[in-house]
Amino acid sequence: MNSNRRQFIGGLGALAAASFPMPAIAQAKPKLVVVGGGPGGATVAKYVAKDGGVDVTLVEPARRFTTCFHSNLYLGGFKSWEEITHSYDKIAKAYGIKHVRQRASAIDRDKKVVKFASGRTLSYDRLVLAPGIDLKYDSVPGYSEEVSKRLPHAWQAGPQTQLLRRQLNALSDGATIVMIAPPNPYRCPPGPYERVSMMAHVLKAKGHKKSRIVIIDPKENFSKQGLFMEGWQKHYPGMIEWQDPKMHGGVKGVDARSMTVKTDLGDYKAQLINVIPAQMAGKIARDAGLANQSGFCPINPENMRSASDANITIVGDACIAGDMPKSGFSANSQAKVAAMMIRGELANGRTFPARYTNTCWSLIETDDTVKVGGSYTAKDGKIAATETFISKTGENADLRKQTQQENMGWYAGIVADIWS
Amino acid sequence: MRCSGAGRIAASIAMSFVASWPTAALAEGDRALGEYLSSECVTCHQLSGKYQGIPPIVGWPEQSFVEIMDEYRQKKRDNPVMQTIAGKFSRDEIAALAAYFGSVKSKN
């Protein structure tokens, strides 16, 4: 594979000439194909393309992307749909990225081509897979993609998120919301608990006195638990009830017809049920044989390359990133390491040791935001935390407000970094 | 990178920060290194220099940049995100970042 690459970069092997009958073959640039236009994929595409010398194609069916991060703020009424939705047009134009608006259906790793349902193929020298997550609908008995049209998961931003907001806004006082939280590992560890905070914010703002939110959690603890618990007590006393497995005994399933969540120790009738199922890497990566038994894809922490195919890099929620959580920030950080390493291979770019960062902000109530984050590096075969931090309980209101300004500033920054 | 974060920072402080860095010696930062390292910063600090809740850091005098990062490393400045980020950079890396961001002009 290496010799092929050198031939290609060097300009010119008979093989390349045979495959690409173009007169200007001597100028052919090495080809990067990126599958998936979320924060991981779009960032790699931009960062590889912006310095030239590589032909970059982004395969992403959507014309505009709605971020999962800050979709809870949309739910809570803090942001509009437009504010969390971003077009690919700017980066396509500014950096010469070809945007192929189709869904890739498969990868042929031997031939190094991406396939489409139409029969079309796209060849690559290097491939980046950033397919995000797929949901394991059957991890909750009674749940399915069909049932999700009534009991939304809203864990992939889009119509599901809008459906959840409509359902939330339609509730009358005295309503019960049940959220089935996901088991580890999943996208956005504090996300379910920020979502519950936003639901409570909406109910409180509408003057609900008797509505309640029950979280049925398969985990014994969760991200920023102390901070959320403190915030819920302070802002929404008596409204939110979190149940760990000792309290509910295990999730037995959902019944969409009777709007019931069944657990070992009791059933809950609800007016709104939000099921966030277990998760796995996007299908295209699993079908290509790049995932292990966990359902996610092992990578080399030095460069984000797949552990089983040196021509493929995997970033974002689909990969196993060691101590890094699955988040938009993490995907963006991994993508920059990936882009640097790919430019090192394809365009003789300088390379430096990989380093990664993440911060996750969570809004609990207006002007009350907390954060958790860390720095990471490749160590002992995985991406390992070198330093971490978390907001403290009992912080003063000024600091929490400042943290919310930082949260909004970060969002403006990261979307400018990815989509402009 | 070879020892744990806290230990590394403690060691760095002991060795390097008895006094602040002599900034005159940091004038010649490696701009290419700075450009790569900057990718971590521009997730929050916009390269255009636009302010939307997080302060812009482009076009600063290099010496000010180094001094402020030094203060985050020593935890004289509060923000834990910046303490964590600044804490892992070596003096050469901070100089590289200062050289890079110093060379970028704000579009605002």
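Our subject is the structure that appears above.
The structure reproduced in this document is the subject of the present report.

1. Quick look at the packing of helix α6 (residues 159–169) of chain A against helix α7 (residues 191–205) of chain A
Residue and element names in this part refer to chain A. Packing of α6 against α7 brings their axes to within 10 Å, and their N-to-C directions diverge by 35°. Of the two elements, α6 crosses α7, and the hand of that crossing is right-handed. For the pair α6 and α7, the contacting residues are Leu164, Leu168 and Asn169 in the first and Arg195, Met199, Val202 and Leu203 in the second. Broken down by class, the residue content of the contact of α6 with α7 amounts to five nonpolar, one polar and one charged.

2. So, the interface of chain A and chain B
On the chain B side, the residues contacting the 33 residues of chain A number 31 residues. Between chain A and chain B the total buried area reaches about 2,600 Å² when both faces are included, carbon and sulfur atoms providing 56% of it. In terms of surface lost to chain B, no three residues of chain A exceed Phe352(A), Arg355(A) and Glu387(A), which account for 26% of the buried area on that side. One salt bridge connects Lys50(A) with Glu35(B), and the closest N-O pair in it is separated by 3.8 Å. Among the secondary structure elements, those contributing two or more residues to the side of chain A that touches chain B are α11 (328–346), β23 (355–365), β24 (368–379), β25 (382–390) and α12 (397–419) of chain A. The greatest single-element share of the side of chain A that touches chain B, amounting to 10 residues, is contributed by α12(A). Its residues assigned to classes, the side of chain A that touches chain B shows 15 nonpolar, 10 polar and eight charged.

3. Side note on the pairing of strand β12 (residues 212–216) of chain A
For a regular strand, the rule is simple: side chains alternate between the two faces of the sheet. All names here are of chain A. Most of β12 sits out of view: four of its five residues are buried. Sheet topology places strand β11 (residues 176–180) next to β12; five bridges connect them, and they run parallel. Bridging across to β12, Thr176 finds its partner in Arg212. Following the chain from β12 across helix α8 (residues 225–235) to the adjacent parallel strand β13 (residues 240–243), one finds a crossover that is right-handed.

4. Here we look at the nonpolar core
Ranked by internal contacts, the top residues of the largest apolar core, which has 146 residues, are Val44(A), Val114(A), Leu129(A) and Trp232(A). Per-element tally for this core: the top contributor is α11(A), with nine residues.

5. Topic: the sheet that holds strand β7 (residues 113–116) of chain A
Each strand in a sheet pairs with its neighbour through backbone hydrogen bonds, running either in the same direction (parallel) or in the opposite one (antiparallel). Residue and element names in this part refer to chain A. If you trace the three strands from one edge of the open sheet to the other, you get β6-β7-β8, paired in antiparallel fashion. Looking at strand neighbours, the two that pair on one side only are β6 (104–108) and β8 (121–123), the edges of this open sheet. Pairwise comparison of adjacent strand axes, ignoring direction, gives a mean angle of 25° for this sheet. Bridge analysis of β6 against β7 gives four bridges, and the strand direction is antiparallel. Residue pairing in the sheet places Ala106 in a bridge with Lys115 of β7.

Rules used throughout
Per chain, residues are indexed from 1 in the order of the written sequence. By the order in which they are written, chains take letters starting at A while ligands take numbers starting at 1. A pLDDT threshold of at least 70 governs which residues receive local features in this predicted model, and a stricter bar of 80 or more applies before side-chain atom pairs are shown or counted, although totals over entire chains, interfaces and linings include all residues. The side-chain numbers reported here are obtained from all heavy atoms of the structure, hydrogens and water having been left aside. Here an axis means a line fitted to C-alpha atoms, over the contact stretch when the element is a helix, while the angle between two N-to-C directions is reported on a 0 to 180 degree scale. To qualify as a helix, a DSSP run of H or I must reach at least 4 residues; to qualify as a strand, a run of E must reach at least 2; elements of each kind are numbered from the N terminus. If you view the pair so one helix is near and one far, a crossing is left-handed when the near helix is turned anticlockwise from the far one by less than a right angle, and right-handed when it is turned clockwise. Any pair of residues with heavy atoms lying within 4.5 Å of one another is described as a contacting pair. Gly is put with the polar residues, along with every residue not named as nonpolar or charged; the nonpolar set is Ala, Val, Leu, Ile, Met, Phe, Trp, Tyr, Cys and Pro, and the charged set is Asp, Glu, Lys and Arg. Defined here as a combined quantity, buried area equals the accessible surface (1.4 Å probe) lost by two parts on assembly, summed across both. Salt bridges, as used here, are contacts in which a Lys or Arg side-chain nitrogen is within 4 Å of a carboxyl oxygen on Asp or Glu. In this scheme, a residue with accessible area under 20% of its type's maximum is buried, one over 50% is exposed, and one in between is partly exposed, where area comes from a 1.4 Å probe on protein chains only. By the convention used here, strands pair only if DSSP detects at least 2 bridges between them. Convention used here: a crossover is right-handed provided that the path from the first strand, over the helix, to the second strand proceeds clockwise when the strands point away from the viewer. Remark: nonpolar core denotes a set of buried residues (Ala, Val, Leu, Ile, Met, Phe, Trp, Tyr, Cys) joined through side-chain atoms within 4.5 Å.

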